[in-house]
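Listed below, chain by chain, are the residues.
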Amino acid sequence: MTKVILKKKISPRIANGHPWVFANEVNQVDGSASGGEIADIFTHDNKFVGKGYINPKSQIIARILTRNPKEIINEEFFFKRIAEAWEYRKKIGYTENCRLIFGEADFIPALIIDKFNEYFVVQTLALGVDIWKPAIVNALQKIFQPKGIYERNDVPVRELEGLGQQKGFLSEPFDTNIIIRENGLQFHVDVANGQKTGYFLDQRDNRRAIQHIVKGADVLGAFCYTGTFEIHAAKYGARSVLGLDISENAVAQATKNAALNNLDHICRFEATNAFDALKQWSKEGRAYDVVMLDPPAFTKSRENIQKAITGYKEINLRGMKLLKKGGFLVTSSCTNLVQPDLFLEIIDMAAKDARRKLRQVTFQAQASDHPIIRGIENTNYLKFLIAEVL
Ligand code: SAH
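Calculation notes
Residues numbered from 1 in each chain as written. Predicted model: local features only at pLDDT ≥ 70, side-chain atom pairs only at ≥ 80, totals over all residues. Heavy atoms only, no water. Near = heavy atom within 4 Å. Polar contact = N/O pair within 3.5 Å; in protein donor to acceptor, adjacent residues only side chain to side chain. Areas by Shrake-Rupley, 256 points an atom, 1.4 Å probe, with all protein chains shown as cover. Helix = DSSP H or I, 4+ residues; strand = E, 2+ residues; numbered from the N terminus. Nonpolar A, V, L, I, M, F, W, Y, C, P; charged D, E, K, R; others polar. Core = buried A, V, L, I, M, F, W, Y, C linked by side-chain atoms within 4.5 Å. Buried < 20%, exposed > 50% of the residue type's maximum accessible area, 1.4 Å probe, protein only. Contact = heavy atoms within 4.5 Å. Domains from an automatic or database assignment. Pairing = 2+ DSSP bridges. Axes fitted to C-alpha atoms, helices over the stretch in contact; angles between N-to-C directions. Left-handed = near helix turned anticlockwise from the far one by under 90°. Parallel < 35°, antiparallel > 145°, perpendicular 65-115°, else oblique.

1. Regarding the site of the ligand
Surrounding the ligand, one finds 17 residues, the nearest of these being Gln195, Arg207, Asp245, Ala274 and Asp294. Taking Arg207, its side chain carries an N or O atom lying 2.9 Å from an oxygen atom of the ligand. At 2.8 Å from a nitrogen atom of the ligand is found a main-chain nitrogen or oxygen belonging to Ala274. Starting from 580 Å² of accessible surface for the ligand in isolation, the protein chains cover 89%. If you list the elements that add at least two residues to the shell around the ligand, you get helix H6 (228-235) and helix H8 (274-283). Residues belonging to the shell around the ligand are distributed by class as follows: nine nonpolar, five polar and three charged.

Next comes the structure, spelled out in structure tokens:
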């Protein structure tokens, strides 16, 4: 078996339980070290650290699966981990639709599985886990007897692992346009062509958090995707709702979703660049009671973090300028590169520039089916703030 020997100065990240081992943290690799193989990882003085999949082509050379030297990594291992993750979801009350496996937070690094009722969408984002796809599919079949399983591996991060991009059925083919229920509403989910796995399950509880502030309000939602926040606003009693997204496809889905819930007389959606629209409309003196922002990550790499900071500040500043005095800003950030404290600092900077005062209503993270593991910083990725803007 291949042995990975860490440098003498072991990073606190690995010592504290984070599963990633970067290539520059390794002193020596003994053995064949072929990509995807399970390797044992040791400290420089031969103390066992853990076992995990290795990929010499990746900057993350190893991803630790277990710290138990006796545990064997085989098909049964993946079945057990998936069954445990399902038990956990049942305990915390996320079952109908949920993120069943959230990679590192469910101790299967680089694996994502979203459950949409009786359908499953899988992403294997590292070579090590990609190899176990058949075992993962078998486990899903055994535990759930699903109506369908779909692979959404059409994501660029796979290329860092030397993997190609692909998507398709991992079960018998099925109609990939499905309907899910959430908070008493219904949404079309296109698991084959939607963004990521088709739907953003992580905002489920946050969507419910707007319940009281939108009553009787004129609401603007930017970066609306399939209109989930906007349709929630309409259901919770908004007077009018306008949703914006740059993608024509997203806007078409959002419009369909509003009709599905008989809320199309309240919700309207427009395909446009939100940065330009918000700037233009504040110049024209438009004003809203609630502005909701849920922009994309803006950057995927730490080197470009300034780009994300600038983007978040800019859009939040523009959002605040469109709010009536005493209106509410509902704002999110989904990149783990901007941690919660930094996000709040950015919002404070935007408020200062807009000469507005903020009264925080709530500040929360993603829904609990995307667990946060203390010490694994990147599992704490979603920030969601509601603030009154004075
Ligand atoms: N609020 C949504 C998720 C939003 S994801 C939900 O809860 O389901 C971010 C969205 O921003 C994507 O749909 C993307 O198409 C859109 N987007 C990206 N850049 C944009 C821009 N400049 N203007 C408007 N929308 C944009």
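After presenting the structure, the write-up continues.
2. Some remarks on the nonpolar core
Grouped together as the largest cluster of nonpolar side chains are 40 residues, with contacts concentrated most on Phe116, Ile210, Val214, Val219 and Val290. The element contributing the most residues to this core is H6, with four residues. Those residues in contact with Val219 that lie beyond four places of it in its chain are Val214, Ala233, Ala238, Ser240, Val241, Leu242, Tyr288, Val290 and Met292. Grouped together as the second largest cluster of nonpolar side chains are 37 residues, Phe77, Phe102, Ala105 and Ile112 included.

3. Description of the environment of Val21
Tracing the sequence through the fold places Val21 in strand E2 (residues 20-22). Judged by its relative accessible area of 0%, Val21 is buried. In this structure Val21 touches Leu6, Arg13, Ile14, Val26, Gln59, Ile60, Ile61, Ala62 and Ile64, once residues within four positions along its chain are discounted.

4. Structural notes on the domain arrangement of the protein
Many structure descriptions define interface size as the accessible area lost when the parts assemble. If you check the domain split of the protein, you get domain 1 (2-66), domain 2 (75-176) and domain 3 (200-389). Here the C-alpha centre of domain 3 lies 40 Å away from the C-alpha centre of domain 1.

5. Section: the sheet that holds strand E17 (residues 288-293)
Here seven strands make up an open sheet; going across it, the order is E16-E15-E14-E17-E18-E20-E19 and the pairing mixed. Strands with a single pairing partner mark the edges of an open sheet, and in this sheet they are strand E16 (267-271) and strand E19 (358-364). Going across the sheet, the axis of each strand differs from the next one's by a mean of 15 degrees, ignoring polarity. Pairing analysis gives five bridges linking strand E15 (residues 240-245) to E16, with the strands arranged parallel. Looking at the pairing, Leu244 lines up with Glu270 of E16. The sheet strands contacting helix H9 (residues 305-321) are E17, strand E18 (323-333) and E19, and the helix crosses E18 at an angle near 155 degrees.

6. What about the sheet that holds strand E7 (residues 97-102)?
Pairing within the open sheet is mixed, and its five strands lie in the order E7-E8-E9-E10-E11. Of all strands in the sheet, those bounded by a partner on one side alone are E7 and strand E11 (166-169). Taken pair by pair, the neighbouring strands of this sheet meet at an average axis angle of 15 degrees, ignoring direction. Here four bridges tie strand E10 (residues 148-153) to E11, and the two strands are oriented antiparallel to one another. Considered in E11, the bridge of Asn153 is made with Gln166. The strands that helix H2 (residues 75-92) touches are E7 and strand E8 (111-116); relative to E7, the one it contacts most, it runs at about 140 degrees.

7. Observations regarding the side chain of Glu71
You can see Glu71 is positioned in the loop between strand E6 (60-66) and H2. Of the residues examined, Glu71 reaches a relative accessible area of 16% and is grouped as buried. Not counting residues within four places of it along the chain, the set of residues in contact with Glu71 comprises Lys51, Thr66, Phe77, Lys80 and Arg81.

8. A closer look at the side chain of Glu104
Take Glu104: it is sitting in the loop between E7 and E8. Every residue in contact with Glu104, bar those within four places of it in the chain, is listed here: Pro19, Trp20, Arg63, Pro109, Ala110 and Ile376.

9. A short note on the packing of H8 against H9
H9 packs onto H8 with a crossing angle of 35 degrees between their chain directions and a minimal axis gap of 9 Å. For H8 against H9, the interelement crossing comes out left-handed. Mapping the contact onto sequence places Ala274, Phe275, Asp276, Leu278, Lys279 and Ser282 in H8 and Gly311, Glu314, Ile315, Arg318, Gly319 and Lys321 in H9. Looking at side-chain class alone, the contact of H8 with H9 contains four nonpolar, three polar and five charged residues.

10. So, unusual backbone geometry
Located in the positive-phi region is Asn46, a residue other than glycine, with phi close to 70 degrees. Note on placement: Asn46 falls in the loop between strand E4 (38-42) and strand E5 (48-54). Despite not being glycine, Ala110 has its phi angle at roughly 70 degrees, a positive value. Note on placement: Ala110 falls in the loop between E7 and E8.

11. Regarding the packing of H2 against helix H4 (residues 133-144)
Pairs of packed helices are described in terms of their axes, by the angle between the two and the distance that separates them. Running from N to C, H2 and H4 cross one another at 45 degrees; their axes reach a closest spacing of 9 Å. When the axis of H2 is compared with that of H4, the two are oblique. Two packed elements cross with a definite hand, and for H2 against H4 that hand is right-handed. Within the contact between the two elements, H2 uses Glu75, Phe78, Phe79, Ile82, Ala83 and Trp86 and H4 uses Ala135, Ile136, Asn138, Ala139, Leu140, Lys142, Ile143 and Phe144. When grouped by side-chain class, the residues that make up the contact of H2 with H4 number 11 nonpolar, one polar and two charged.

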